[in-house]
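A closer look at the structure
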Amino acid sequence: MLPCQRHLFDIPDGVAYLNCAYMSPLMKSALEAGTAGLARKAYPWELTPDKFFTGSDEFRATAARLLDCPADCVAIVPSASYGIATAARNLPVKKGQSVLVLAEQFPSNYYPWQRRVEETGAALKVVAWPEDNDWTAAVLNSLTADVAIAALPHVQWTSGGRLDLVRIGGACREIGAALVLDLTQSLGALPFSVRDVQPDFAVAASYKWLLGPYSIGLLYVAPKWQEGVPLEENWIQRANAEDFSSLILYTDDYDAGARRFDMGERSNFALLPAAVRAMKQILEWNVAEISETAGALNRQLAAAAAELGFSSPPDHLRAPHYLCLRRATSIPRELPEMLAREKVFVSVRGSSIRVAPHVYNSATDGERLIACLKQMANLSR
Ligand SMILES: Cc1ncc(COP(=O)(O)O)c(C=O)c1O
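Here is a short report on the structure shown in this document.

1. With respect to helix α4 (residues 111–120)
Taken residue by residue, α4 has P112, W113, R116 and V117 as its buried positions. Along α4, the residues classed as buried sweep out an arc of 130 degrees about the axis, all on the same side. Residues of α4 that are exposed and point more than 90 degrees away from the buried face comprise Y111, R115, E118 and E119. Considering only its buried residues, α4 is in contact with α3 (80–90), β3 (98–102), β4 (123–127), β5 (147–153) and β6 (178–182). Where α4 terminates, the next one or two residues include G121, which has phi positive at roughly 80 degrees.

Shown next as structure tokens:
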């Protein structure tokens, strides 16, 4: 368990921010790194060609430590959707086969597959919401011979349900299905290892649990797909891009590993240093410790909320950092206003409240949320 790290963030005392699944706050040090990076553009004569490569290399190396893979397997992307689109462009699927997704899967990991199956005559196969909250069993039951691609998250984003990706990865290999992962709601807060899961592609946007800025993310590409076709063709993905004087000596060769999948203008001087600073801090804290720390607060909140009529998936089936509290009846209209007045930030959707704490939260933040839920319970009596 980590002691509260709020001092590293600029969160006012009166704010109980329990909404990392929406967007994390930027650490003061990440903001400084990003601001310094942006300022470099004021002095372009100092931005020598080598700087187009050093920042990207550091991002790749740091991301690789979080993913547990070689740095060469990491591409720099602007969003989760970009990474999923890259996977969809490169993975084979044909008529008679299917692409597996979860019920209520996040759109960025749904629409690209919808288009892909439309184009190929394949089918989309949707894992139904499991009554017992066991998403792993539901996925394993759905992994039949027709599945060519399983496009999944580590955490189902509307329930907090956790998937056992090591088992699912093994089952995919048994039937020869490719595994594509959207780790946006988990990487940095839930232990994950490419080595153990062996996905074909795995993407994460940086602005949630990687505590980074918006519009930057990482994409793991397994070695067997590194000869694939990128979404964009740009100068920096190609071999010998370091030599600015010979860029128009066009070449068919790409730079090594997953670099061919890098987005255009990947050497973002403002975003990359901020993202790297945040990932380094996560590595220093240790992902298992982050998970344990956020998980301890969520367990307390789940127990207190249960007394007020909320249910949540059992601890062993949900991600510790991600708690979705549901009520049989809809949530009173007054709740969002009450939460805003008390400066308690969570996501309220239909009959569900999503609570997503991080290491900057204290027990007091949790108590303030429960106080609002108690007031709400009194209102609905
Ligand atoms: C599961 C999941 N994936 C991806 C994203 C973000 O997708 P994109 O980077 O394509 O905007 C979100 C944002 O809420 C998400 O919850």
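2. Comments concerning the packing of aromatic side chains
The tally for this structure, following the rule as stated, stands at 12 aromatic pairs. With a centroid separation of 5.9 Å and an interplanar angle of 75 degrees, the aromatic rings of Y110 and Y111 are classed as edge-to-face. Ring geometry for W129 versus W135: centroids 5.3 Å apart, planes at 70 degrees, classification edge-to-face. Using a relative accessible area of 29% as the deciding quantity, one classes W129 as partly exposed. Here W135 falls in the buried class, since its relative accessible area comes to 1%. Just above the ring of Y254 sits the side chain of R238; from NZ or CZ to the centre is 4.2 Å. Seen from the ring of F310, R327 lies directly overhead, with NZ or CZ sitting 5.8 Å from the centre.

3. Re unusual backbone geometry
Although it is not a glycine, E104 adopts a positive phi angle of roughly 60 degrees. Turning to its location among the elements, E104 is positioned in the loop between β3 and α4. Residue class for E104 comes out partly exposed when judged on its relative accessible area of 47%. In the Ramachandran plot, E265 falls in the positive-phi region, its phi being about 55 degrees despite a non-glycine side chain. Assignment of secondary structure puts E265 in the loop between β8 (217–221) and α8 (271–285). Looking at E265, the relative accessible area reads 74%, which means it is exposed.

4. Here's the deal with the layout of surface pockets
The computed volume of the largest pocket comes to approximately 390 Å³. Forming the boundary of the largest pocket are 29 residues, of which F106, D182, T184, Y207 and K208 lie nearest the centre. When grouped by side-chain class, the residues that make up the lining of the largest pocket number 13 nonpolar, 11 polar and 5 charged.

5. Section: the environment of I11
Within the secondary structure, I11 is located in the segment before β1 (16–17). A residue is classified by how much of its surface remains accessible, and I11, at 14% relative accessible area, is buried. Separated by 14 residues in the primary sequence, I11 and P25 place their C-alpha atoms 8.1 Å from one another. Sequence-distant contacts of I11, that is, excluding residues within four places in its chain, are made with R6, P25 and Y360.

6. Considering the site of the ligand
Taken together, S79, A80, S81, F106, S108, W157, D182, T184, Q185, A205, Y207 and K208 make up the full set of residues adjacent to the ligand. At 2.9 Å, a side-chain N or O of S81 approaches an oxygen atom of the ligand. Within the side chain of D182, one N or O atom sits 2.6 Å away from a nitrogen atom of the ligand. Summarising the interface, the protein chains cover 88% of the accessible area of the ligand, which totals 400 Å² for the free molecule. When atoms are counted within 2 Å of each cavity's grid points, the one that captures over half of the ligand is the largest pocket.

Reading the values: the criteria
Residues numbered from 1 in each chain as written. Predicted model: local features only at pLDDT ≥ 70, side-chain atom pairs only at ≥ 80, totals over all residues. Heavy atoms only, no water. Buried < 20%, exposed > 50% of the residue type's maximum accessible area, 1.4 Å probe, protein only. Helix = DSSP H or I, 4+ residues; strand = E, 2+ residues; numbered from the N terminus. Arc of directions from axis to C-beta. Contact = heavy atoms within 4.5 Å. Phe/Tyr/Trp six-rings, centres within 6.5 Å; stacked < 30°, edge-to-face > 60°. Lys NZ or Arg CZ within 6 Å of the ring centre and 35° of its normal. 1 Å grid on protein atoms, 1.4 Å probe; cavity = no way out; pocket = protein on both sides within 12 Å on 5 of 7 lines; lining within 4 Å. Points joined across faces, edges and corners; volume = space filled by probe spheres on them. Nonpolar A, V, L, I, M, F, W, Y, C, P; charged D, E, K, R; others polar. Near = heavy atom within 4 Å. Polar contact = N/O pair within 3.5 Å; in protein donor to acceptor, adjacent residues only side chain to side chain. Areas by Shrake-Rupley, 256 points an atom, 1.4 Å probe, with all protein chains shown as cover. Sits in = over half its atoms within 2 Å of the grid points.

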